[in-house]
Amino acid sequence: MSKKTLLLNASYEVLSFIPERKVFKLLFKDKVEVVSNWDENIVWGNGRMKHPSILRLKNHVKRNYFNSNFSRKALVKRDRSTCQYCGDKLSASKITVDHVLPRAQGGVTSFINCVVCCHFCNNKKADKTPEQANMVLLKKPTHPSFSSHHYVADPQEHWHTDWDDFLGN
Ligand SMILES: [Zn+2]
């Protein structure tokens, strides 16, 4: 299995894993800088270069673009129906969605900003950030495709330790 390249936004936010041809395209167009590399080389034009493990866009792209597949169902699955503040396992009817940065404070509906939450914690938190409400998230919300479970589960997959900083592993 070929090794993956993680693409970050200019703000170091995780965007996606990208295939090798996209790596070349972004490098060729000078859209990215290399953050870290695998040990192996790849063929690049007439020469060789280290296979990048992390690339970062030079210009910031809008995050919303990457949230087009947001769904409540996928969010519930990611958080395993568990309130991300008190840890209670919730039945379907008890699940609410909390905006970590509240909409009232400019928070958007995205995988990065939404968590499964019980009624009690949602009422307690209201229009406050976790810090303002003195509440602590069980874990930092991530895009489901980038959950560490997904990748660790596959023994064929090559894991780059530099990804830990970005994928919340
Ligand atoms: Zn709760």
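Every chain is numbered on its own, with residues counted from 1 as its sequence reads. Local features are withheld for residues below a pLDDT of 70 in this predicted model, meaning they are given only at 70 or higher, and side-chain atom pairs are given and counted only at 80 or more; totals for whole chains, interfaces and linings count all residues. To get the side-chain values, all heavy atoms of the structure are used, and hydrogens and water are removed first.

Of the protein atoms, only C83 (SG), C86 (SG), C118 (SG) and C121 (SG) coordinate the zinc ion, at distances of 2.3 Å. Judged by relative accessible area, C86 falls into the partly exposed class, the value being 39%. Here the coordinating atoms are restricted to nitrogen, oxygen and sulfur within 2.8 Å of the metal centre, or 3.2 Å for Na, K and Ca, and because water is not among them the sites may look incomplete. Think of it in three bands: with a 1.4 Å probe and only protein chains considered, a residue is buried below 20% of the maximum accessible area for its type, exposed above 50%, and partly exposed in between.

Here we come to the sheet that holds strand β3 (residues 32–44). Remark on secondary structure: sheet strands pair via backbone hydrogen bonds, oriented parallel or antiparallel. By definition, two strands form a pair when at least two bridges between them are found by DSSP. Counting from the N terminus, the helices are the DSSP runs of H or I reaching at least four residues and the strands are the DSSP runs of E reaching at least two. Across the sheet, which stays open at both edges, the 4 strands sit in the order β2-β1-β4-β3 with mixed pairing between neighbours. Looking at which strands have only one partner, the edges of the open sheet turn out to be β2 (14–18) and β3. Shown here is a sheet whose adjacent strand axes are inclined to one another by a mean of 35°, direction ignored. Sheet topology note: the β3/strand β4 (residues 47–57) ladder contains 9 bridges and is antiparallel. The residue bridging V32 from the neighbouring strand is L57, located in β4. Helix axes use the C-alpha atoms of the stretch in contact, all axes being lines fitted to C-alpha atoms, and the angles between their N-to-C directions lie in the range 0 to 180 degrees.

Let's shift gears to the state of the cysteines. Simply put, the disulfide is a covalent bond whose two ends are the sulfur atoms of two cysteines. Criterion for a disulfide: a pair of cysteine sulfur atoms within 2.5 Å. For the structure shown, the criterion picks out 0 disulfides. Left unpaired, C117 is separated from the closest cysteine sulfur, that of C83, by 4.4 Å. Judged by its relative accessible area of 0%, C117 falls in the buried class.

Take unusual backbone geometry next. Non-glycine residue D30 carries a positive phi angle of around 60°. In this structure, D30 sits in the loop between α1 (20–28) and β3. The backbone of S81 sits at a positive phi, close to 55°, despite the residue not being glycine. Along the chain, S81 falls in the loop between α2 (72–78) and β5 (96–99).

Time to look at the packing of aromatic side chains. When the centres of two rings from Phe, Tyr and Trp lie within 6.5 Å, Trp using its six-membered ring, the rings pair. Their planes under 30 degrees apart give stacked, over 60 give edge-to-face, and anything left gives tilted. In this structure the tally under the stated criterion is 3 aromatic pairs. Ring centres 4.8 Å apart and planes at 70° place the aromatic pair F17 and W163 in the edge-to-face group. Taken together, the positions of F17 in strand β2 and W163 in the loop between α5 (148–152) and α6 (164–167) put the pair 146 residues apart, joining distant regions of the chain. Both residues of the pair, F17 and W163, count as buried. For the ring pair W159 and W163, a centre distance of 5.4 Å and an interplane angle of 85° mean the geometry is edge-to-face. When its relative accessible area of 25% is taken as the criterion, W159 is described as partly exposed.

Moving on to the confidence of the model for the protein chain. Close inspection of predicted coordinates is inappropriate in any region flagged by low pLDDT. Per-chain confidence: the protein chain averages 85 in pLDDT, with 86% of residues scoring 70 or above. Looking at any residue, its pLDDT shows the predictor's confidence there, from 0 to 100. We call two residues in contact when some of their heavy atoms are within 4.5 Å. Scored below 50 in pLDDT, residues 147–154 shows 11 contacts in the model against residues more than four places distant or in partner chains.

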